[in-house]
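# Coordinate analysis (summary)
This is what each chain is made of:
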Amino acid sequence: MTAHPSGRPPVRILVAGAGLIGRAHIGRILADPDTGLAGIADPSAGARDHAAALGVPWFETLEQGLDGARPDGVILATPNQLHVAGGLAAIAAGVPVLVEKPIAETVAGAVELAEATERAGVPVLVGHHRRHSPIAARARAIVASGQLGRIVAVNGLSWLRKPDSGYFDGAGTWRREPGGGPILINLVHVVDDLRALCGDIVAVQAVASNATRGFAVEDTAAVLFTFASGALGTLALSDTAVGPWSWELTSGENKAYPATGEACYLIAGTEAALSVPRLELWRHEGAPHWFHPIAATRLVAPEADPLVLQLKHFTAVVRGEDKPLVDARSAARTLAATLAVSAAAASSGTVRPEL
């Protein structure tokens, strides 16, 4: 393994889990001269063969990989139920870890991991990769600048038409059951987006429906958020609805999805409003007044792969040059607000996320 032109050796990263997202990380590690692939930890034969094809060590378990590869950092791309145990193992070994989102299956598990990283001083970065998006960063900067005034309301749309065959059958039959719907699979992204833009969520109301597909899990939900600032948010979520309004289809960052150029979030303040990811800043001429002409200024952000930027950030975290952009405490709050949506839909009441 050759050193970076800067003279510093590459950060050696062990990837645990060689599924779809794990291989996405592996490809970016191999493409970055600042990082090297220390090995793959995954018990499957496919992972063993993939490691052999890449010429890197293969380990059946994470613990074996930590001991055998002695990596500088670990990326956990394992199933959700293994995130806490894997994170704790990395912390115990003194190895910084990037944990794919959601950080855990339960808030208690997320808190356990947060407390462990705080006690040990071993950093944990959680893979809410949209936080690394230049579009999202520009939107956060606009909101933080005060140009919108006091945030009053936010509206979000996440409408995706998942295929009837291929996604819900075969190995995907679990997506027909509780836990396999868009609330726990897709909403965690949106909740983190809205928290990053508008602050913490302190109360949730929701309704959910399975009327379209008739599975034992929801296919559509409508949500009302109350933010700590007093702002209110509404969100419509569905994985059976055709529409151009979701982060996947509007941002153009993941080239697997056709880009529509539309907006999926609208943020309204007392002075101006912002559409995201279009980054249109709407203002009235003169003082804000509904009779005054209103027009938009289109702002821009550079195009970049958030997963590449997340890897570069993780490299800096491993080297001690930066602190995690999304630490375990923040990810636990996102998880709590997401799980509150399911609880609110089941109870037909208001749920207050608590850590």
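A few points on the structure. (Residues numbered from 1 in each chain as written. Predicted model: local features only at pLDDT ≥ 70, side-chain atom pairs only at ≥ 80, totals over all residues. Heavy atoms only, no water.)

## Thoughts on the overall build of the protein
A count of helices and strands for the protein gives 11 helices and 14 strands. Against the compact-globule benchmark of 20 Å for 355 residues, the protein has a radius of gyration of 21 Å, which places it among compact chains. A buried classification covers 48% of the 355 residues belonging to the protein. For the protein, contacts bridging at least 24 residues in sequence account for 63% of all contacts bridging at least 6. Roughly 15,800 Å² of accessible area belongs to the protein as shown, and the carbon and sulfur atoms make up 56% of that amount. The protein carries 29 positive and 34 negative side-chain charges, and their two centres are separated by 3 Å. (Helix = DSSP H or I, 4+ residues; strand = E, 2+ residues; numbered from the N terminus. Rg over C-alpha atoms; globule rule 2.2 N^0.38 Å. Buried < 20%, exposed > 50% of the residue type's maximum accessible area, 1.4 Å probe, protein only. Contact = heavy atoms within 4.5 Å. Areas by Shrake-Rupley, 256 points an atom, 1.4 Å probe, with all protein chains shown as cover. Lys, Arg positive; Asp, Glu negative; His and termini not counted. Charge placed at Lys NZ, Arg CZ, Asp CG, Glu CD.)

## Digging into the pairing of strand β5 (residues 97–100)
The two faces of β5 match: Val97 and Val99 on one face and Leu98 and Glu100 on the other face are all buried. Here strand β4 (residues 73–76) pairs with β5 via three bridges, running parallel. Residue Leu76 lies in a different strand from β5, and its bridge partner there is Val99. For the crossover from β4 across helix α4 (residues 83–92) to β5, the handedness is right-handed. As judged from the four bridges shared by β5 and strand β6 (residues 124–127), these two strands associate in the parallel manner. Residue pairing for β6: Glu100 is matched across the bridge by Gly127. Once you follow β5 into helix α5 (residues 107–120) and on to β6, the crossover reads as right-handed. (Pairing = 2+ DSSP bridges. Right-handed = clockwise from strand over helix to strand, strands pointing away.)

## Considerations on the environment of Val326
Examined against the element boundaries, Val326 turns out to sit in the loop between α10 (306–318) and α11 (328–347). Here Val326 falls in the buried class, since its relative accessible area comes to 0%. Remark: the alpha-carbon pair of Val326 and Pro96, spanning 230 residues in sequence, is separated by 13 Å.

## Some details on the sheet that holds strand β10 (residues 232–238)
Across the sheet, eight strands lie side by side as β8-β9-β10-β7-β11-β12-β13-β14; this open sheet has mixed pairing. Among the strands making up the open sheet, the edge pair consists of β8 (201–209) and β14 (294–298). Across this sheet, the average inter-strand angle for adjacent strands is 15°, counted without regard to direction. For β8 and strand β9 (residues 220–227), the ladder comprises eight bridges, and the chain directions are antiparallel. By the bridge assignment for β9, Ala203 is matched with Thr226. The strands touched by helix α6 (residues 134–144) are β7 (151–159), β11 (265–269), β12 (273–276) and β13 (280–284); relative to β12, the strand with the most contacts, the crossing angle is about 170°. (Axes fitted to C-alpha atoms, helices over the stretch in contact; angles between N-to-C directions.)

## Overview of the packing of helix α3 (residues 62–69) against α4
Running from N to C, α3 and α4 cross one another at 20°; their axes reach a closest spacing of 10 Å. The orientation of α3 relative to α4 falls into the category roughly parallel. Where α3 crosses over α4, the two elements pack in a sense that is right-handed. Between α3 and α4, the residues in contact are Leu62, Glu63 and Leu66 and Gly86, Ala89 and Ala90, respectively. A class-by-class count of the residues in the contact of α3 with α4 yields four nonpolar, one polar and one charged. (Parallel < 35°, antiparallel > 145°, perpendicular 65-115°, else oblique. Left-handed = near helix turned anticlockwise from the far one by under 90°. Nonpolar A, V, L, I, M, F, W, Y, C, P; charged D, E, K, R; others polar.)

Read these as geometric descriptors, not functional statements.
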